[in-house]
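# Secondary and tertiary structure notes
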Amino acid sequence: MNARPKNTILVSPVGDLDLDSEFLHELCDKISEIFGCECEIMPLLKEIDFARDPVRDQHHSTLLLERLSALAPHRVLKVLAITTVDLFIPVLTYVYGEAQLGGKSSIISTYRLQETHSAKVTPATYQCRILKEAIHELGHTFGLRHCPNESCIMHYCRKIQDVDRKSTELCRYCKVLLSDEMKRLASE
Amino acid sequence: MGTARILIVDDELIVRESLGGWLERDGHEVDTAQSGEEALEKMKDTRFDILLVDIKMEGMSGLDLLKAVKETDPDVAVVMITAYGSISTAIEAMKNGAYEYLLKPFDPNELGVLIEKIIEHQAQALETQFLREQYKERSRFESMIGQSRALQEIFSLIEDIAPTESTVLITGETGTGKGLAAKAIHSKSPRHEGPFVVVNCGAFPEHLLESELFGYQKGAFTDAKTTKKGRLELAHGGTLFLDEIGEISMRMQIDLLRVLEDRVFYRLGGTQPIEADFRVIAATNKNLEKAIKEGSFREDFYYRLNVISFSMPPLRDHKEDIPLLAEHFLHRFARETNKPVDQISREAMDEMMLYEWPGNVRELENAIERAVVVCKGRKIMPKDLPIFQPEYAALPSDKSLKEVERAHLISVLNENEWNIAKSAKVLGIDRSTLYNKIKRHNISRPS
C-alpha cells in the first residue's frame, strides 16, 4: 500500500515577528488556495545564530534553508520560514528571501519589506508584500522560476515598487506549470 | 527577460551553490566548476552563454581561464567576480576580453541587469546572423533531388501525407533538407496556393518569438507603435513551418499547444480571437523524447505535433545521390557566378563519394559553391574542394569518420582564420554545433 501523500505546507515563524496571528492565518488560507494543500503554522528554528555573519551582521539564508529541511517533519511537503532578520547569500549584498528550487524549504525576510517609496508604508501594504514574497518563494519550491509577466506573483522584482505592482496570483503559464508539478508529486 | 546557460567558476562551494540557486530561480540553466581546469573540461561538452569567474582561485587563475576561453570561444561573455583588493586584475581582465567585472558583494539587481544586457546583446548578434542566412536560404530555394531508395521512400511518404491536414514532425540531422521536405509537403497539399510561412524558432529570443508568432495590437507594449500581424496570422490558409521546434521555451510550448487545441489565438494585447487556419509542420534535429525526460519539452505538446513523423536520412546513408546533387549544384552556381565551369573530375567525384559529409546536403552544396569559385578551368578538381585542403590530405592512414571529420574541421577553421561564424556557415552547421565539435575533437587554435 502506498504511503499517504505529503500534503502539508508549514508556515514557520523564526523568533518574534511583528505580525499578528490573524494575518498568519490569512496567509495560510491564501497558500492553501493557491497550492491546494493544507497549511499549518509551526516554529522549527529555535535559534539562528549559526547562520549569522558577524562582519556583515546579516544571516546566510542558504544555511537556514538546509537546517529547515533537516528539521521538517516527514509529513510536511514544503516549509516557508518567516524572519525579521536581514538575509544574504555570499557575493550578493542582500536577498528578500531564498528557496530551494524544486526542494523542500523557503524563507522570507520582512527586513526590507518596510521600505517605502512614497509616504509611510501602511500595515496593509506591508502585509500584502509579505504575502506576495511568501507565495513567490514557495512557488520556487514547486519548481516555478521567475516569470516575465510583471503582474504574476512569480515575477522577480528589482524594486519594492514592483512588488506592490504585481498581483497576488499566478499567471496562466505558471498555473499550468504548477499543475504539472502537482500531478508529478501526486504520482510519486 | 531571456534565459541563458551560465557556468559559475569559483573555488568556494558555498558561493557556487548559493549563486547557482539564485540564478536558477531566475530561470537560467546553471552549472558550476570549482576550478579553471574543471571549467575548461565542462566546456568541451557544453556551450555556455555566460561564465561568471572568480578572479582568485587555487590553480589556474580566473585571468588564465579567461584567456583560454577567449581563444576557443570568443563569443562567450565572461564576467569576472573580484574582491575590492583585486580591481587592477579586473581591469587587466577587461583588456583581455572580459565582458564586465563585478565587485563582491554586489547588489542582486546589478547582476540581474548585467545578465539581461548580455542576453540582449547575444540575441541581437544571433538575429543578425539569422537574417543573413535567411536571405541566403530564400535566394537558394530548391526542390528535393535524389534517386536513392532512401529518398524515394521519403518522396512516396510525402505524396501520401501531403493531402491530409495532419500535423507533421520531421526529424533529422542538420543539413539533411528538413525544410525542403516541409516545403514539398506544402506544395503537394490542397493548401499549396496559400502561404508557406517559416519560423526559425531557435533564432529568436523568447519575447521576440512571441510577438513574431502572435503579432501585436498597437499599444500592447512600449514599442508597439502600430498593429502588426504575426506569422500565425500570415499563414492563414497555408502551412506554418516551425523549424528548430526543440529550441522553444516551455511558455511558448504552452501557448502553441493551446493554439493547436483551440484553433484560435489572440494578438498580444488583442481581445479579438483570430481563427488558426493553417497546417503545422515542425522540424528538429533534437531528440525530443530525451528532452521530455529531461523536462525541457512538454509531453502533451510533443504528442500534438507528432501525429505523423518521419526522419530525413543523413547524406552518408544515400551517397548514391551525391553525383546528381553535385551536378545540380555545379550548374546552379556556375550560372549564378557566371563562370564556365561545367564538369566535375572523376577524381573529385570519387573523393566526394568517400567523404562522410557530417554537414549533409548543405555541406555538399557549400563545398560545390566554393569549388566553383576557386576553380581555374572548366572542370572541378579535388584541390578545389574544401575537404581536400592540406590538413585533410595529410591523413592517408586513418580514414575513420572521426579522424576525417576532425581534419575537415581544422581545414575549414584555418581557411577562415578561426572565424567561428564563417566556418560554421561553410560547414553548413550552426555555431553551437561547431563549438561542440571543436571541443569533442580537442582541436585548439594554432598559436
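Keep in mind that what you see is a predicted model, and the values were worked out from it rather than measured.

### A closer look at the overall build of chain A
Looking only at helices and strands, one finds 5 helices and 8 strands in chain A. Helices and strands in chain A line up, N terminus first, as β-α-β-β-β-α-β-β-β-β-α-α-α. For a compact globule of 188 residues, the expected C-alpha radius of gyration is about 16 Å, and chain A comes in at 16 Å, within 12% of that figure. Summarising its shape, the C-alpha atoms of chain A cover approximately 55 × 35 × 35 Å along the three principal directions. In chain A, which comprises 188 residues, the proportion classed as buried is 52%. About 8700 Å² of surface is accessible on chain A, with carbon and sulfur atoms providing 51% of the total. Between the mean site of the 23 positive side-chain charges and the mean site of the 26 negative ones, chain A shows a separation of 5 Å.

### What to know about the side chain of T62 of chain A
The topology assignment puts T62 of chain A in helix α2 (residues 61-71). A distance of 3.3 Å separates a polar atom in the side chain of T62 of chain A from a polar atom in the side chain of H60 of chain A. Those residues within four positions of T62 of chain A in sequence are excluded, and the remaining contacts are I89 and E98 of chain A together with S18 of chain B.

### As for the sheet that holds strand β3 (residues 52-53) of chain A
Residues and elements named next belong to chain A. Pairing in this open sheet of 3 strands is mixed, and the strands run β3-β4-β6 from one edge to the other. Each edge of the open sheet is held by one strand with a lone partner, namely β3 and β6 (87-88). Where strand β4 (residues 58-60) and β6 come together, 2 bridges link them in parallel fashion. Residue pairing in the sheet places H60 in a bridge with F88 of β6. The strands touched by α2 are β4 and β6; relative to β4, the strand with the most contacts, the crossing angle is about 50°.

### Description of empty space enclosed by the protein
By the definition in use, this model includes 4 cavities of 30 Å³ or more. Volume-wise, the largest cavity comes out at about 190 Å³. Y96, G97, E137 and Y156 of chain A together with W22 of chain B are the residues nearest the centre of the largest cavity, which is lined by 18 residues in total. Listing elements by their share of the lining of the largest cavity, those giving two or more residues are β7 (97-99) and α3 (123-141) of chain A together with α1 (13-25) of chain B. Counting residues per element, the lining of the largest cavity draws most heavily on α3 of chain A, at 4 residues. Classifying every residue of the lining of the largest cavity gives 8 nonpolar, 5 polar and 5 charged.

### Thoughts on the interface of chain B and chain A
Interface size is often expressed as the accessible area that is lost when the parts come together. Listed by partner, the interface residues are 28 residues for chain B and 28 residues for chain A. Buried surface at the junction of chain B and chain A, both sides included, amounts to about 2700 Å², of which 59% is carbon and sulfur. At the junction of chain B with chain A, the criterion picks out 4 salt bridges. R25 of chain B is the salt-bridge partner of E98 of chain A, the closest N and O atoms lying 3.8 Å from each other. Listing elements by their share of the side of chain B that touches chain A, those giving two or more residues are α1, α5 (108-139) and α10 (250-262) of chain B. Among the elements that line the side of chain B that touches chain A, the one with the most residues is α1 of chain B, at 8 residues. In terms of residue class, the side of chain B that touches chain A is built from 11 nonpolar, 5 polar and 12 charged.

### Focus on the domain arrangement of chain B
Residues and elements named next belong to chain B. For chain B, the assigned domains read domain 1 (5-122), domain 2 (140-313) and domain 3 (316-440). Inter-centroid distance (C-alpha atoms) of domain 2 to domain 3 is 30 Å. Of the roughly 1400 Å² buried at the junction of domain 2 and domain 3 (both faces included), carbon and sulfur atoms supply 48%. Scanning the region where domain 2 abuts domain 3 turns up 1 salt bridge. There are 7 residue pairs in polar contact (both at pLDDT 80 or more) connecting domain 2 and domain 3. Along the lines of polarity and charge, the residues of the side of domain 2 that touches domain 3 split into 4 nonpolar, 6 polar and 4 charged.

### Let's talk about the packing of aromatic side chains
Evaluation of the coordinates by the stated rule reveals 9 aromatic pairs over all chains. Seen from their ring centres, F35 of chain A and F142 of chain A are 4.8 Å apart, and the 15° between their planes marks the pair as stacked. Placement of F35 of chain A in helix α1 (residues 21-35) and of F142 of chain A in the loop between α3 and α4 (160-165) is noted, with a sequence separation of 107 residues between them. There is no split in this pair, since F35 of chain A and F142 of chain A are both buried. Measuring from ring centre to ring centre gives 5.3 Å for Y302 of chain B and Y303 of chain B, while their planes differ by 65°; the resulting arrangement is edge-to-face.

### Describing the pairing of strand β8 (residues 105-109) of chain A
In regular strands, side chains alternate between the two faces of the sheet. Residue and element names in this part refer to chain A. Counted residue by residue, β8 has 5 buried out of 5 residues, so it is predominantly covered. Burial along β8 is two-sided: the face carrying S105, I107 and S109 and the face carrying S106 and I108 are both buried. Pairing geometry for strand β5 (residues 76-83) and β8, over 5 bridges, is parallel. The partner of T83 across the bridge, within β8, is S109. Across 3 bridges, β7 lies against β8 in antiparallel orientation. Looking across to β8, one finds that E98 is bridged to I107.

### Focus: the layout of surface pockets
One number sums up the size of the second largest pocket: a volume of about 1000 Å³. Around the second largest pocket sit 31 residues that line it, and H207, E210, S211, F221 and L268 of chain B are the ones nearest its centre. Among the elements of the structure, α5 (172-187) of chain A together with α8 (206-214), α10 and β11 (264-265) of chain B are those that each provide at least two residues to the lining of the second largest pocket. In terms of residue count, α8 of chain B provides more of the lining of the second largest pocket than any other element does, 7 residues in total.

### Here's the deal with the pairing of strand β14 (residues 308-311) of chain B
All names here are of chain B. A one-sided burial pattern is seen for β14, the buried positions being I308 and F310 and the unburied ones S309 and S311. Looking at chain direction, strand β6 (residues 168-171) and β14 are connected through 4 bridges and run parallel. Its bridge partner being in β14, L169 is matched across the sheet by S309.

Conventions and cut-offs
- Residues numbered from 1 in each chain as written.
- Chains lettered and ligands numbered in written order.
- Predicted model: local features only at pLDDT ≥ 70, side-chain atom pairs only at ≥ 80, totals over all residues.
- Heavy atoms only, no water.
- Helix = DSSP H or I, 4+ residues; strand = E, 2+ residues; numbered from the N terminus.
- Rg over C-alpha atoms; globule rule 2.2 N^0.38 Å.
- Buried < 20%, exposed > 50% of the residue type's maximum accessible area, 1.4 Å probe, protein only.
- Areas by Shrake-Rupley, 256 points an atom, 1.4 Å probe, with all protein chains shown as cover.
- Lys, Arg positive; Asp, Glu negative; His and termini not counted.
- Charge placed at Lys NZ, Arg CZ, Asp CG, Glu CD.
- Polar contact = N/O pair within 3.5 Å; in protein donor to acceptor, adjacent residues only side chain to side chain.
- Contact = heavy atoms within 4.5 Å.
- Pairing = 2+ DSSP bridges.
- Axes fitted to C-alpha atoms, helices over the stretch in contact; angles between N-to-C directions.
- 1 Å grid on protein atoms, 1.4 Å probe; cavity = no way out; pocket = protein on both sides within 12 Å on 5 of 7 lines; lining within 4 Å.
- Points joined across faces, edges and corners; volume = space filled by probe spheres on them.
- Nonpolar A, V, L, I, M, F, W, Y, C, P; charged D, E, K, R; others polar.
- Buried area = accessible area lost by both parts, 1.4 Å probe.
- Salt bridge = Lys/Arg side-chain N within 4 Å of Asp/Glu carboxyl O.
- Domains from an automatic or database assignment.
- Phe/Tyr/Trp six-rings, centres within 6.5 Å; stacked < 30°, edge-to-face > 60°.

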